[in-house]
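# Chains, contacts and geometry: an overview
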Amino acid sequence: MNGLAKGLAIIESFSSTRSRLTVSQAAAASDTSPAAARRCLLTLAELGYVSYDGKYFTPTPRLTLLGAAYTGTASLPRLAQPRLEAARDELQETVSLAVLEGPNSAIIARAEADRTVSAFIRLGSRIPAWHSATGRVLLSALTVSELDDYLASADLQASTSKAIVDPDEIHARVRLAEEEGCAFTDEEIEYGVRTMAVVVKDSRGATRAAMSLSASAGRWTLADMRTRFLPVLRREAGLLGRML
């Protein structure tokens, strides 16, 4: 098993910026001895996972079979579900996961609490990204010019009188979400419902999704939500991100 662990560490040493490695480079990147790195690389070459030109080892297409074993059995919603349920069980509120789908924030996973707060947000729901906490978190991954282009083409139609429809204010909320890693809405989508969302970043630091919670405005203030809910969502989003 120790040899397997070293072999996996060697495989993980390859990346888009390290598409080929010498023995010494592989040893340094995987924190193994040069002798162990050489044995692992030669074994991988013998099995057809890497090629060897006498100096450099380079991954072959066969290596994609290892990734296929993952993609064939796991997906973002499946990985997220236990984390959503953990947050739901601790907070006793409905927790969702959303991704950016075109101009919308799309709910792809959800853990329902016993009491339903929103009549409109369900698994599979799509909400204009500018209009939602999840969307503002997801839009925060865009550059300034990309966000400007998005807002210029968006149909900024309010759902309630509390909705923010001014492009400059939405822009400011998105940039605040980038700074804080979270966003809130206060009865903007639906009267009586407050929402919050936190960013889910993968192991490379890229934004992959937003984890959100919906709560009754009659039971929770935004300050309450920051204190009570935000630490739990951030913890679970972090745990999910480390799996991506």
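A brief report on the enclosed structure follows. Just so we're clear, the structure is a prediction, and the values are computed from it rather than from any experiment. (Residues numbered from 1 in each chain as written. Predicted model: local features only at pLDDT ≥ 70, side-chain atom pairs only at ≥ 80, totals over all residues. Heavy atoms only, no water.)

## Quick word on the pattern of salt bridges
The test is simple: Each salt bridge in this description consists of a side-chain nitrogen of Lys or Arg and a carboxyl oxygen of Asp or Glu lying within 4 Å of one another. Numbering of helices and strands runs from the N terminus, with a helix taken as a DSSP run of H or I at least four residues long and a strand as a DSSP run of E at least two residues long. A 1.4 Å probe rolled over the protein chains alone gives each residue an accessible area, and that area as a share of the maximum for its type sets the label: buried under 20%, exposed over 50%, partly exposed in between.
Evaluated as defined, the whole model comprises 15 salt bridges. For E178, the salt bridge is made with R175, and the minimal N-O distance between the two is 2.8 Å. Note that E178 and R175 are positioned in helix 8 (residues 167–180) at a spacing of three residues, about one turn of the helix. Overall, the relative accessible area of 18% leaves R175 in the buried class. By sharing partners, the salt bridges in this structure join R83, E90, R235 and E236 into a single network.

## So, unusual backbone geometry
Residues other than glycine seldom take positive phi values, yet Q92 does so here, at roughly 60°. Considering the arrangement of structural elements, one finds Q92 in the loop between helix 5 (76–91) and strand 3 (95–101). You will see that E187, though not glycine, has its phi angle at about 60°, which is positive. In this fold, E187 is placed in the loop between strand 6 (182–186) and strand 7 (193–201).

## With respect to the side chain of S132
What counts here: Between N or O atoms, a polar contact is any pair within 3.5 Å; within protein, one atom must be a potential hydrogen donor and the other a potential acceptor, and residues adjacent in sequence are included only when both atoms are from side chains. We call two residues contacting when some pair of their heavy atoms lies within 4.5 Å.
By the element assignment, S132 lies in the loop between strand 5 (126–128) and helix 6 (133–139). Classification of S132 as buried rests on a relative accessible area of 2%. Of note is the side chain of S132, whose polar atom sits 3.3 Å from the side chain of T134. A polar contact of 2.9 Å, which involves the side chain of S132, links it to the backbone nitrogen of G135. Apart from residues no more than four positions distant in its own chain, S132 is found in contact with S105, I127, T185 and I189.

## Observations concerning the pairing of strand 8 (residues 207–216)
Heads up, the rule is: Pairing between strands requires that DSSP locate at least two bridges from one strand to the other.
The element strand 8 is largely enclosed, with a buried count of eight among its 10 residues. Both strand 3 and strand 8 contribute to a ladder of four bridges, which runs antiparallel. When the bridges of strand 8 are listed, A98 appears paired with A210. Inspection of the sheet shows strand 7 paired to strand 8 by nine bridges, in the antiparallel sense. By the bridge assignment for strand 8, M196 is matched with L213. Taking the residues that link successive antiparallel strands as the turn, the strand 7-strand 8 hairpin has five residues, and the phi of G205 there is positive, at about 90°.

## Section: the packing of helix 2 (residues 23–30) against helix 3 (residues 34–47)
Operational definition: As a rule, the C-alpha atoms of each element are fitted with a line to give its axis, helices using only the stretch in contact, and angles between N-to-C directions run from 0 to 180 degrees. When an angle is under 35 degrees it counts as roughly parallel; over 145 it counts as roughly antiparallel; between 65 and 115 it counts as roughly perpendicular; any other value is oblique. Basically, the charged four are Asp, Glu, Lys and Arg, the nonpolar ten are Ala, Val, Leu, Ile, Met, Phe, Trp, Tyr, Cys and Pro, and anything else, Gly included, counts as polar.
Interaxial distance between helix 2 and helix 3 falls to 8 Å at its minimum, and their mutual angle equals 110°. The pairing of helix 2 with helix 3 is recorded here as roughly perpendicular in orientation. Residues V23, A26 and A27 of helix 2 touch helix 3, and the partners they reach there are P34, A37, R38 and L41. Classifying every residue of the contact of helix 2 with helix 3 gives six nonpolar, no polar and one charged.

## Remarks on the pairing of strand 3
By the criterion of burial, strand 3 is predominantly enclosed, with five of the seven residues buried. Looking at chain direction, strand 3 and strand 4 (residues 104–111) are connected through seven bridges and run antiparallel. Among the inter-strand pairings, A98 is bridged to a residue of strand 4, identified as I107. Between strand 3 and strand 4, which pair antiparallel and follow one another directly, the connecting turn spans two residues, one of which, G102, has a positive phi of 65°.

## What about the packing of aromatic side chains?
The description of an aromatic ring pair rests on the distance of the ring centres and on the angle between the ring planes. As a reminder, the rule being used: For Phe, Tyr and Trp, where Trp contributes only its six-membered ring, two rings pair if their centres lie within 6.5 Å, and the inter-plane angle classes them as stacked under 30 degrees, edge-to-face over 60, or tilted in between. Placement of a positive charge over a ring is assigned whenever Lys NZ or Arg CZ falls within 6 Å of the ring centre and within 35 degrees of the normal to the ring plane.
On inspection of all chains with the given rule, the structure shows two aromatic pairs. Centroid distance Y52 to F57: 4.1 Å. Interplanar angle 10°. Geometry classified as stacked. For Y52, a relative accessible area of 37% gives the class partly exposed. Taking NZ or CZ as reference, R20 lies 3.7 Å from the ring centre of Y56, over its face.

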